[in-house]
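Here is how the chains run, residue by residue.
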Amino acid sequence: MVVATQVNPIRMEKIREVDIPVIDLSCSRSKVAKLIVKACEEYGFFKVINHGISHHIIKEMEDESFEFFYKPLPEKELVGSANPFGYGSKNIGLSGDTGELEYLLLPTNQNAIAQTSKFRCVVSSYVKSVRELACEILELIAKGLGVPHSLFSHLVRHFDSDSLLRLNHYPPVTHSFHHGDIGFGEHSDPQIITLLRSNDAPGLQISLRNGLWLPVSPDPHAFCVNIGDILQAMTNGRFISVRHRAMANLLPNQSRLSMVFFGAPPPEATIACPPQLLKRNKPIYKTFTWSEYKSHTYAHRLGETRLDHFKIT
Ligand SMILES: C=C1C[C@]23C[C@@]1(O)CC[C@H]2[C@@]12CC[C@H](O)[C@@](C)(C(=O)O1)[C@H]2[C@@H]3C(=O)O
Ligand SMILES: O=C(O)CCC(=O)C(=O)O
Ligand SMILES: [Fe+2]
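Residues numbered from 1 in each chain as written. Chains lettered and ligands numbered in written order. Predicted model: local features only at pLDDT ≥ 70, side-chain atom pairs only at ≥ 80, totals over all residues. Heavy atoms only, no water.

Student: Help me understand the pattern of salt bridges, please; the structure alone is not making it clear to me.
Tutor: Summed over the entire model, instances satisfying the criterion amount to 14 salt bridges. For Glu62, the salt bridge is made with Arg197, and the minimal N-O distance between the two is 2.2 Å. Residue Glu62 is located in helix H2 (residues 55-69), and its partner Arg197 is located in strand E7 (residues 193-198); the two are separated by 135 residues in the primary sequence. By relative accessible area, which is 14% here, Glu62 ends up buried. Arg197 sits in the buried class, given a relative accessible area of 6%. Between Arg306 and Asp229 there is a salt bridge, and its shortest N-O distance comes to 3.6 Å. In this pair, Arg306 sits in the segment after helix H8 (290-298) while Asp229 sits in helix H6 (residues 229-234), placing the two residues 77 residues apart along the sequence. By relative accessible area, which is 4% here, Arg306 ends up buried. (Salt bridge = Lys/Arg side-chain N within 4 Å of Asp/Glu carboxyl O. Helix = DSSP H or I, 4+ residues; strand = E, 2+ residues; numbered from the N terminus. Buried < 20%, exposed > 50% of the residue type's maximum accessible area, 1.4 Å probe, protein only.)

Now the structure itself:
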């Protein structure tokens, strides 16, 4: 007699807990370079600690940002509406995207931040420090990949670099929107590299390869680093330009502030994967300039996968 074995039709899979890499920049350069490259390949995202940016510079930028966002609306509107630079509220970009936030988008070139007010001085010293940190990380990436030291960093250090600073304020929850609303919708950042610092409020989430959203715990002492589309193109798809989003405030009565530096190339820079990284593979993306990529980006919606347009078919 054959005894039928009962098979449970529901297989419970334990969702593996994922730890976001937290990289201590005070460790040895070669060790750090390897860890960063691994994080860029696996997630396109990591946190850095012991980054060397003084608490004072960060705190001043945070204080000035809150002071700006707590001003009455007509005063904030005096800086001009985001097109793309300036003050924006709820509308993101010019293609109809919205979110539960207000923001200030600023260029970072020296002419644009002429130091005539306390705010501009604070922005200028914050940008200087965070740009330097971004370049150090890009140089560690170059070391880890075995390509020339300044291959990526020279684009961000360039006098005409199109880098940006974005200050995002997610106000405390009110009756008009609800827990779980989107603050800043799903997207990848178009530039080379992004360095984000937030206060102690949660909200940022990254998308994993399996499609799950992973909340990033806030850490005011760390910088979150994410790979942008340009670095995905320059590594022929080896690095992931991570998709991420920010939820509107998850905790009641708490304002969230993120200060985001986007390290970008100068407009006329040519973007292509260097031969050392192609090895025997064919390039998957066409060669383009940052200016071409930016025009394409700004003509499309936030959530689009913009690099697909530049794929070699
Ligand atoms: C909807 C848009 C807003 C954005 C330009 C775009 O057309 C598509 C990309 C968006 C994004 C995402 C990352 C940065 O926050 C940003 C400044 C950027 O460079 O690309 C924004 C753009 C924006 O807010 O203007
Ligand atoms: O505020 C955040 O945590 C995310 C913001 C963001 O992704 C952006 O400004 O591009
Ligand atoms: Fe982003």
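Student: Quick question: what am I supposed to make of the site of ligand 1 here?
Tutor: Within the structure, ligand 1 sits among 17 residues, and Arg166, Gln191, Thr297, Tyr298 and His300 are positioned closest to it. One of the side-chain nitrogen or oxygen atoms of Arg166 is found 2.8 Å away from an oxygen atom of ligand 1. In the environment of ligand 1, an oxygen atom lies 2.8 Å from a nitrogen or oxygen atom belonging to the side chain of Gln191. Out of a free accessible area of 470 Å², ligand 1 has 98% covered by protein chains. Put simply, ligand 1 lies in the largest pocket. Every element with two or more residues in the shell around ligand 1 is listed here: strand E4 (97-107), strand E5 (164-170), strand E6 (182-187) and H8. Looking at the shell around ligand 1 residue by residue, the classes come out as eight nonpolar, five polar and four charged. (Near = heavy atom within 4 Å. Polar contact = N/O pair within 3.5 Å; in protein donor to acceptor, adjacent residues only side chain to side chain. Areas by Shrake-Rupley, 256 points an atom, 1.4 Å probe, with all protein chains shown as cover. 1 Å grid on protein atoms, 1.4 Å probe; cavity = no way out; pocket = protein on both sides within 12 Å on 5 of 7 lines; lining within 4 Å. Sits in = over half its atoms within 2 Å of the grid points. Nonpolar A, V, L, I, M, F, W, Y, C, P; charged D, E, K, R; others polar.)

Student: Any chance you could explain the sheet that holds E7 here in plain terms?
Tutor: Reading across from one edge, E1-E2-E10-E7-E12-E5-E4-E3 is the order of the eight strands in this open sheet, with mixed pairing throughout. The open sheet has two edge strands with one neighbour each: strand E1 (22-24) and strand E3 (86-92). Ignoring strand direction, the axes of neighbouring strands in this sheet form an average angle of 25°. By the bridge criterion, six bridges tie E3 to E4 in an arrangement that is antiparallel. Note that in E4 the partner of Ile92 across the bridge is Asp97. Packing of helix H1 (residues 29-42) onto the sheet brings it into contact with E1, strand E2 (45-49) and strand E10 (223-227), and relative to E1 it is tilted by some 165°. (Pairing = 2+ DSSP bridges. Axes fitted to C-alpha atoms, helices over the stretch in contact; angles between N-to-C directions. Contact = heavy atoms within 4.5 Å.)

Student: Is there a simple way to think about the sheet that holds E6 in this case?
Tutor: Backbone hydrogen bonds hold the strands of a sheet together, and the pairing may be parallel or antiparallel. Pairing is antiparallel in the open sheet, where four strands are placed in the order E6-E11-E8-E9. Two strands bound the open sheet, and with one partner strand each, they are E6 and strand E9 (213-215). This sheet shows a mean twist of 25° between the axes of neighbouring strands, independent of strand direction. Across three bridges, the pairing between E6 and strand E11 (residues 244-247) is antiparallel. By the bridge assignment, Ile182 is partnered in E11 with Met247.

Student: So what exactly am I meant to see when it comes to the confidence of the model for the protein here?
Tutor: Note that predicted coordinates carrying low pLDDT should not be read in detail. Of the residues in the protein, 90% have a pLDDT of 70 or more, and the chain-wide mean is 91. Taken together, the stretch residues 1-16 has pLDDT below 50 and engages in one contact with residues farther than four places along the chain or on a different chain. Our summary of model confidence lists the complex with pTM equal to 0.93 and ipTM equal to 0.99. (pLDDT = per-residue confidence, 0-100.)

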